[in-house]
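Residue-level structure breakdown
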Amino acid sequence: MKIGLLTSGGDCPGLNAVIRGAVLQGIKTYGDELVGFLHGWRGVLDGRAIELPRARVRGLAREGGTILGTSRTNPIESPGGGIESIERVLDELGVEAIVAIGGEGSLAGAKRLSDAGLPVVGVPKTIDNDLSGTDYTFGFDTAVSIATDALDRLRTTGESHHRCMVAEVMGRHAGWIALHSGMSAGAHAVLIPEQRVSMDQLCTWVREVYERGRAPLVVVAEGFIPEGHDEVLSGKGVEQDGRPRLGGVGEYLTAEIERLTGIETRAAILGHVQRGGAPTGFDRVLATRFGMAAVDLVHDGGWGQMVATRGTEIVRVDFAEAVSGLKTVPQHRWDEARSLFGR
Ligand code: F6P
């Protein structure tokens, strides 16, 4: 069978491990031929694909980024897109199935294609860990590890100067990266999009920590909505798909904390560092298993489904479940973390 892989949306540590897992499973177990479309759905629309022989994926699990490149191209609405164009390209290249490795937006596109009868299966991907239908996405553990390391470093410089340090992490409209990295590094306050926290409360936590001789460490998710605002801070315009480009809340809070408490405060925006470099061992294993399971799914004709995790098992779920709404931080996880803040 000839199977086409593509990576779509924002990149994420572990994409290459998925590609390697899929290629090895396809070649070793089924005798498949694997190709990779370049730059996400753009490569499908333009008919640009490269061969993926076994030698091409040698040692690939440890490499960050994606050897196929990625884009936020919408397979239906972008110029040259649409069901018929894609069918034509697949026919021309002899590709019999597509494995789309992507996040919410990419899987929504994949769902529309499979609903129209195209042979598409999915692999969920995002550092934000906000996809419904799967307990974990690969990339999340790496992002949390990188953020934890950064927070540990901010803590030592903060302690030296007895300053408050504010770190802004990614995660879009879900607080998973903030919650996990904040708990892991022992932050004194964590602010997430799912919970409103007043400036008064935040400054109380900061003062309590400062007054017992510590340097307050505050972690804020880029999607947190500060008091007095109705929406996220996104002074950076919009993405290609029209969503607001997040970022800036860390600097805003830093100025506010300093103004309201008089405590010297500094901001660090971790940004795309969280998405770069080698995946952790956890993510390499998860991504490899996802890649292998996606090829099994293709051979079972599981169009319109994606691979996912439930506990430690790999399962299959419909695209509909994956795009049914964001998986956000539940109340009990926030309550648990909150009891450690401040004093
Ligand atoms: O969805 C992953 C993510 O890294 C978010 O956490 C972040 O808001 C966004 O992508 C950044 O996107 P871009 O790489 O397009 O700036």
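Rules used in this analysis
- Residues numbered from 1 in each chain as written.
- Predicted model: local features only at pLDDT ≥ 70, side-chain atom pairs only at ≥ 80, totals over all residues.
- Heavy atoms only, no water.
- Axes fitted to C-alpha atoms, helices over the stretch in contact; angles between N-to-C directions.
- Helix = DSSP H or I, 4+ residues; strand = E, 2+ residues; numbered from the N terminus.
- Parallel < 35°, antiparallel > 145°, perpendicular 65-115°, else oblique.
- Contact = heavy atoms within 4.5 Å.
- Nonpolar A, V, L, I, M, F, W, Y, C, P; charged D, E, K, R; others polar.
- Near = heavy atom within 4 Å.
- Polar contact = N/O pair within 3.5 Å; in protein donor to acceptor, adjacent residues only side chain to side chain.
- Areas by Shrake-Rupley, 256 points an atom, 1.4 Å probe, with all protein chains shown as cover.
- Domains from an automatic or database assignment.
- Core = buried A, V, L, I, M, F, W, Y, C linked by side-chain atoms within 4.5 Å.
- Buried < 20%, exposed > 50% of the residue type's maximum accessible area, 1.4 Å probe, protein only.
- Expected span 1.5 Å × (residues − 1).
- Buried area = accessible area lost by both parts, 1.4 Å probe.
- Salt bridge = Lys/Arg side-chain N within 4 Å of Asp/Glu carboxyl O.
- Phe/Tyr/Trp six-rings, centres within 6.5 Å; stacked < 30°, edge-to-face > 60°.
- Left-handed = near helix turned anticlockwise from the far one by under 90°.

Our focus in this paragraph is the packing of helix 7 (residues 199–211) against helix 8 (residues 249–261). It is the contact of helix 7 with helix 8, at a shortest axis distance of 10 Å, that shows an interaxial angle of 70 degrees. By the angle between their directions, the pair helix 7 and helix 8 is classed as roughly perpendicular. Between helix 7 and helix 8, the contacting residues are Met 199, Leu 202, Cys 203, Val 206 and Arg 207 on the first element and Leu 253, Glu 256, Ile 257, Leu 260 and Thr 261 on the second. Within the contact of helix 7 with helix 8, the residues separate by chemical class into seven nonpolar, one polar and two charged.

Moving on to the site of the ligand. Every residue near the ligand is listed here: Arg 72, Ile 127, Asp 128, Met 170, Gly 171, Arg 172, Glu 222, Glu 239, His 272 and Arg 275. Within the side chain of Asp 128, one N or O atom sits 2.6 Å away from an oxygen atom of the ligand. Between His 272 and the ligand, the recorded distance is 2.8 Å, taken from a side-chain N or O atom to an oxygen atom. Burial of the ligand by the protein amounts to 84% of the accessible area it has alone, namely 400 Å². The residue inventory of the shell around the ligand, partitioned by class, reads two nonpolar, two polar and six charged. When residues of the shell around the ligand are assigned to domains, at least three fall in each of domain 1 (2–138 + 279–322) and domain 2 (141–276).

Okay, the nonpolar core next. In this structure, Leu 5, Ile 19, Val 99, Val 123, Phe 138 and Leu 202 are the most contacted members of the largest nonpolar core, which totals 80 residues. Ranked by residue count, the leading element in this core is helix 9 (residues 281–299), at eight residues. Counting 23 residues, the second largest nonpolar core, distinct from the first, contains Leu 6, Leu 90, Leu 118 and Leu 131.

Let us now look at helix 8. For helix 8, built from 13 residues, the straight-helix expectation of 18 Å at 1.5 Å per residue is met to within 8% by its first-to-last C-alpha distance of 18 Å. Within helix 8, burial applies to Val 249, Gly 250, Leu 253, Thr 254, Glu 256, Ile 257 and Thr 261. Close packing links the buried residues of helix 8 with strand 6 (164–169), strand 7 (189–191), helix 7, strand 8 (217–221) and strand 9 (265–269).

We note that the domain assignment places domain 1 (2–138 + 279–322) and domain 2 (141–276) within the protein chain. Of note, the centres of domain 1 and domain 2, computed from C-alpha atoms alone, are 33 Å apart. With 14 residues of domain 1 at the interface, the matching set in domain 2 holds 17 residues. Between domain 1 and domain 2, roughly 1,300 Å² of surface is buried when both sides are summed, and carbon and sulfur atoms account for 50% of that area. Together, Arg 72, Ile 127 and Asp 128 form the three largest contributors to the area buried by domain 1 at its contact with domain 2, with a combined 45%. One salt bridge in this structure joins Arg 275 and Asp 11, with 2.8 Å as the shortest N-O distance. If you look at where domain 1 meets domain 2, you find five residue pairs in polar contact (both at pLDDT 80 or more). Of the residues that constitute the side of domain 1 that touches domain 2, the class distribution is five nonpolar, three polar and six charged.

Take the packing of aromatic side chains next. In this structure the tally under the stated criterion is five aromatic pairs. When the ring of Phe 138 is compared with that of Phe 290, the centres are 6.3 Å apart and the planes differ by 70 degrees; the resulting orientation is edge-to-face. Taken as a pair, Phe 138 in the loop between strand 5 (120–124) and helix 5 (140–161) and Phe 290 in helix 9 lie far apart in primary sequence, 152 residues in all. Neither Phe 138 nor Phe 290 differs from the other in exposure class; each is buried.

Put simply, helix 1 (residues 15–30) and helix 9 touch, their axes get as near as 7 Å, and they point 45 degrees apart. One way to sum up the angle between helix 1 and helix 9 is to call them oblique. Helix 9 is crossed by helix 1, and the crossing has right-handed handedness. Here Ala 17, Val 18, Arg 20, Gly 21, Ala 22, Gln 25, Gly 26 and Tyr 30 of helix 1 lie close against helix 9, whose contacting residues are Arg 284, Ala 287, Thr 288, Gly 291, Met 292, Val 295, Asp 296 and His 299. Of the residues assigned to the contact of helix 1 with helix 9, the class counts are seven nonpolar, six polar and three charged.

Glancing now at unusual backbone geometry. A positive phi angle is found at His 39, which is not glycine, with a value near 60 degrees. As for its placement among the helices and strands, His 39 is situated in the loop between strand 2 (33–37) and helix 2 (41–46). The backbone phi angle of His 162 is positive, close to 50 degrees, even though this residue is not glycine. Examined against the element boundaries, His 162 turns out to sit in the loop between helix 5 and strand 6.

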